[in-house]
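# Working through the structure, step by step
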Amino acid sequence: MAENGKFLSYVLQNLKRGVELGGFPEDFYRIISKPKRILQVSIPVKMDNGRYEVFEGYRVQHCDALGPFKGGVRFHPEVTLADDVALAVLMTLKNSLAGLPYGGAKGAVRVDPKKLSQRELEELSRGYARAIAPLIGDVVDIPAPDVGTNAQIMAWMVDEYSKIKGYNVPGVFTSKPPELWGNPVREYATGFGVAVVTKAAANKLWGGIEGKTVAIHGAGNTGAWAAYWLEKMGAKVVAVSNTKGSVFNKAGIPANEILKVYTREKSILELEGEKSESTDLPLYVEADVLIPAAIENVISGDNVGGVRARVVVEGANGPTTPEAERVLYQRGVLVVPDILANAGGVVMSYLEWVENLQWYIWDEEETRRKLESIMTTNFNRVYQRWEKEKQWTMRDAAIVTALERIYKTMKTRGWI
């Protein structure tokens, strides 16, 4: 996680640049740079040793001009309130850019979920849902998973919220198991979306993704599923990492093996290839595409000189600092920004939410087609905008496009 609010500082720096490039009034930045509401909660959990631990949590509701608040819940030992604010701002931009009827929000609990037993994790998840219950709802604020959370945690949370309401409210949380009104595509939606956007970029630059090499920093849900779908599209994953180390194999690393690392069926250091205890090896290998899919600020001014990929597709939120992006842009490296590249998760959450509100179900293939169509259309729109404004980065084009929709809506509402 970012120290001393650095991540928030970078997000606001990009936001301010977008406001200036788009020619919006300064008052718009004053409004959009501040969250509408912040809830801080304390969650007591009786641990397996009989003692109580009290965990600190947050829910940041940034902007609801476009519709209900929407954003994930992160469980991480180093997450800060400033991180949560930054992530909520990114969600507002991401939802606007994708054309979704959502504002932006984000939640977090300062905890290492890997150190909790299953019972402790369930108690914490239900406790968080109870704590934020007064401020959420299926037409108010709809949380989803983020780093450190998953479909099972969403199942506990939606069950707890439904108990409070006295009836089933499936639409209040998304990315749930299929048994609790989830859609099976949501498990891999973010990674699939990253793969779709990577393919779209490759089509523009090289005429196709077939045979192109990919390095993936972070073999979590996003990175592992991006590897799976990119392999299906004809690309070759040559490097991958997680918190335990990295592997490089010029001949290619099978995506099914990377998925086994994600599901903890095997260690990353059991994959075939050159192994390293460093988690950052994929950032520096020779590859056509680099997908940073772990956490923020991994490509910075200190290490950007070692990045050798020709395209960076941001699977994580904020993995590239503004300073590093400027260097990459000057070198002719295309950076596909997070609010575009990793929007597959929230787009799929929207589709699941629509199903839940109507108590209606699409099959997996139909859902995936809808998701792919939205992601491809969004990429092409931003790419065309970027081509017209060559002095801009692709992030600039994405942010200005997102801000235009928010500004027009605020103006129409009479908020500004």
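Heads up: the structure comes first, above all this text.
The structure reproduced in this document is the subject of the present report.

Cut-offs and rules
- Residues numbered from 1 in each chain as written.
- Predicted model: local features only at pLDDT ≥ 70, side-chain atom pairs only at ≥ 80, totals over all residues.
- Heavy atoms only, no water.
- Helix = DSSP H or I, 4+ residues; strand = E, 2+ residues; numbered from the N terminus.
- Buried < 20%, exposed > 50% of the residue type's maximum accessible area, 1.4 Å probe, protein only.
- Patch = residues over 30% accessible without salt bridge, like charges linked within 9 Å, V, L, I, M, F, W, Y side chains within 5 Å.
- Areas by Shrake-Rupley, 256 points an atom, 1.4 Å probe, with all protein chains shown as cover.
- Salt bridge = Lys/Arg side-chain N within 4 Å of Asp/Glu carboxyl O.
- Pairing = 2+ DSSP bridges.
- Contact = heavy atoms within 4.5 Å.

## Details of unusual backbone geometry
The backbone of Asn-297 sits at a positive phi, close to 65 degrees, despite the residue not being glycine. Within the secondary structure, Asn-297 sits in the loop between β10 (289-292) and β11 (311-313). Despite not being glycine, Trp-359 has its phi angle at roughly 50 degrees, a positive value. Residue placement: Trp-359 occurs in the loop between α11 (344-358) and α12 (364-388). Residue classification places Trp-359 among the exposed residues on the basis of a relative accessible area of 54%.

## What to know about a nonpolar patch on the surface
There is a patch of nonpolar side chains on the surface, built from Val-139, Val-140 and Leu-357 and spanning about 250 Å² of accessible area. Assignment of secondary structure puts Val-140 in the loop between α4 (118-132) and β5 (141-145). The partly exposed category is assigned to Val-140, whose relative accessible area is 40%.

## A short note on the pairing of β5
In terms of residue burial, β5 counts as a mostly covered element, since five of its five residues are buried. Relative to β5, strand β3 (residues 69-76) runs parallel, the two sharing five bridges. Across the sheet, residue Phe-69 finds its bridge partner in β5, namely Asp-141.

## What to know about the side chain of Ser-241
Checked against the element boundaries, Ser-241 lands in strand β7 (residues 236-242). Under the relative-accessibility criterion, Ser-241 is labelled buried at 1%. Beyond its immediate sequence surroundings of up to four residues, Ser-241 is in contact with Ile-216, His-217, Gly-218, Ala-219, Ser-246, Ile-268, Thr-279 and Pro-282.

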